[in-house]
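Listed below are the residues making up each chain.
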Amino acid sequence: VLLDFQSNIQNADELLQWKASNPDPCSSWKGIKCSGSSVSSISLPNQGLKGSLTSQLNKLSSLTSIALQGNGFTGALPTLSGLTKLRSCYLDNNDFDTIPSDFFENLPSLLYLSLNDNSRLNSSSNGWALPTSLETSVLLTNLSLTNTSLIGTIPDFLGNLGTLSTLRLAYNRLGGPIPTSFSSS
């Protein structure tokens, strides 16, 4: 999966310096941390990386943290579906243009998610709405979706997420009332 990740990045050789001669990412690859022999963290914020992300990212089943904010990633966001150990995901300040419908499915450990400033998400289809699958991320404390082409109404289930303490939805095209569930949140 990491070799596919590397092959999709235009300036990977220069900036990442991941060596084919050292095929073990857990031993010395920049920004990669492992638990045993499984990749648990990808942390490459603000590295000037350009290109797209591998669609296979959710095959890294031990992944607990993704920090790829502040780069020049474009194209489709990969699904996070099934990353049951994922606790934090920072993909903000890139230029992704699509978000898959199953992006939020089966993320029970998710605490922090930031997609801020990806203003072109599904813009070819006039934007995207928060799916009900996010409702199962019951540990979520911080959800930041500022300037991400969100449309529709604010879902009622957000007010029922008992641990949610930070919600950022500014600079989107949301409408309708504030959900009544927010009165007890």
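Above this text you will find the structure in question.
Residues numbered from 1 in each chain as written. Predicted model: local features only at pLDDT ≥ 70, side-chain atom pairs only at ≥ 80, totals over all residues. Heavy atoms only, no water.

Novice: So what about the state of the cysteines? Which residues, and what values?
Specialist: Throughout the structure, instances matching the rule amount to one disulfide. In this model Cys 26 forms its disulfide with Cys 34; the gap between the sulfur atoms is 2.0 Å. What sets the handedness of the Cys 26 and Cys 34 disulfide is the S-S torsion sign, and at about -85° it is left-handed. Of the cysteine sulfurs around Cys 89, a residue in no disulfide, the closest is that of Cys 34, at 18 Å. We classify Cys 89 as buried; its relative accessible area is 0%. (Disulfide = S-S within 2.5 Å. Buried < 20%, exposed > 50% of the residue type's maximum accessible area, 1.4 Å probe, protein only.)

Novice: Quick one: what's the story with the pattern of salt bridges, residue by residue and with numbers?
Specialist: Per the counting criterion, the structure on display carries two salt bridges. A salt bridge links Arg 120 to Asp 95, with the shortest nitrogen-to-oxygen separation between them at 3.0 Å. Of the two residues, Arg 120 sits in the loop between β8 (112-114) and β9 (142-144) while Asp 95 sits in strand β7 (residues 95-98), which places them 25 residues apart along the sequence. Its relative accessible area of 34% is what places Arg 120 among the partly exposed residues. Between Arg 120 and Asp 97 there is a salt bridge; the shortest N-O distance is 3.9 Å. Of the two residues, Arg 120 is situated in the loop between β8 and β9 and Asp 97 in strand β7; the sequence distance between them amounts to 23 residues. On the accessibility criterion, Asp 97 (27% relative accessible area) is partly exposed. When salt bridges that share partners are traced, they join Asp 95, Asp 97 and Arg 120 into one network. (Salt bridge = Lys/Arg side-chain N within 4 Å of Asp/Glu carboxyl O. Helix = DSSP H or I, 4+ residues; strand = E, 2+ residues; numbered from the N terminus.)

Novice: Account for the sheet that holds β8, with residues named and values stated.
Specialist: Taken together, seven strands build an open sheet; the order of strands is β1-β2-β4-β6-β8-β9-β11 and the sheet is mixed. In this open sheet, the two strands that pair with only one neighbour each are β1 (32-35) and β11 (166-168). Put simply, the sheet's adjacent strands are angled 15° from each other on average, direction ignored. (Pairing = 2+ DSSP bridges. Axes fitted to C-alpha atoms, helices over the stretch in contact; angles between N-to-C directions.)

Novice: Report on the environment of Ser 109, specifying residues and quantitative values.
Specialist: With respect to the helices, strands and loops of the structure, Ser 109 is situated in the loop between β7 and β8. Here the alpha-carbon distance between Ser 109 and Val 39, two residues 70 residues apart in the chain, equals 17 Å. Filtering out sequence-adjacent residues up to four positions away, Ser 109 remains in contact with Thr 84, Lys 85, Leu 86, Arg 87 and Leu 139. In terms of polar contacts, Ser 109 uses its side chain to reach the backbone carbonyl oxygen of Thr 84, at 2.7 Å. (Contact = heavy atoms within 4.5 Å. Polar contact = N/O pair within 3.5 Å; in protein donor to acceptor, adjacent residues only side chain to side chain.)

Novice: Hey, could you go over the sheet that holds strand β3 (residues 50-51) for me, with residue numbers and the actual values?
Specialist: Taken together, three strands build an open sheet; the order of strands is β3-β5-β7 and the sheet is parallel. The open sheet terminates on both sides in strands that have one partner only, identified here as β3 and β7.

Novice: Got a sec to walk through the nonpolar core? Specific residues and values, please.
Specialist: With 47 residues, the main nonpolar core has Ile 42, Ile 66, Leu 68, Leu 91, Phe 103 and Leu 158 as its most contacted residues. For Leu 158, the residues in contact, after removing those within four places along its chain, are Leu 130, Leu 134, Leu 143, Leu 164, Leu 167 and Phe 182. (Core = buried A, V, L, I, M, F, W, Y, C linked by side-chain atoms within 4.5 Å.)

Novice: Just give me the short version of the packing of aromatic side chains, but keep the residues and values in it.
Specialist: Summed over the entire model, instances satisfying the criterion amount to four aromatic pairs. Judged by centre distance (5.0 Å) and plane angle (85°), the rings of Phe 103 and Phe 104 are edge-to-face. What makes Phe 103 buried here is its relative accessible area of 0%. Each ring, one from Phe 104 and one from Trp 128, has its centre 6.1 Å from the other, and the planes form 15°; the classification is stacked. Linking Phe 104 in the loop between β7 and β8 with Trp 128 in the loop between β8 and β9, this pair joins segments that are 24 residues apart in sequence. Its relative accessible area of 1% is what places Phe 104 among the buried residues. Taking relative accessible area as the criterion, Trp 128 reaches 6% and is therefore assigned buried. Put simply, the rings of Phe 5, Phe 73 and Phe 96 pair up and form one aromatic cluster. (Phe/Tyr/Trp six-rings, centres within 6.5 Å; stacked < 30°, edge-to-face > 60°.)

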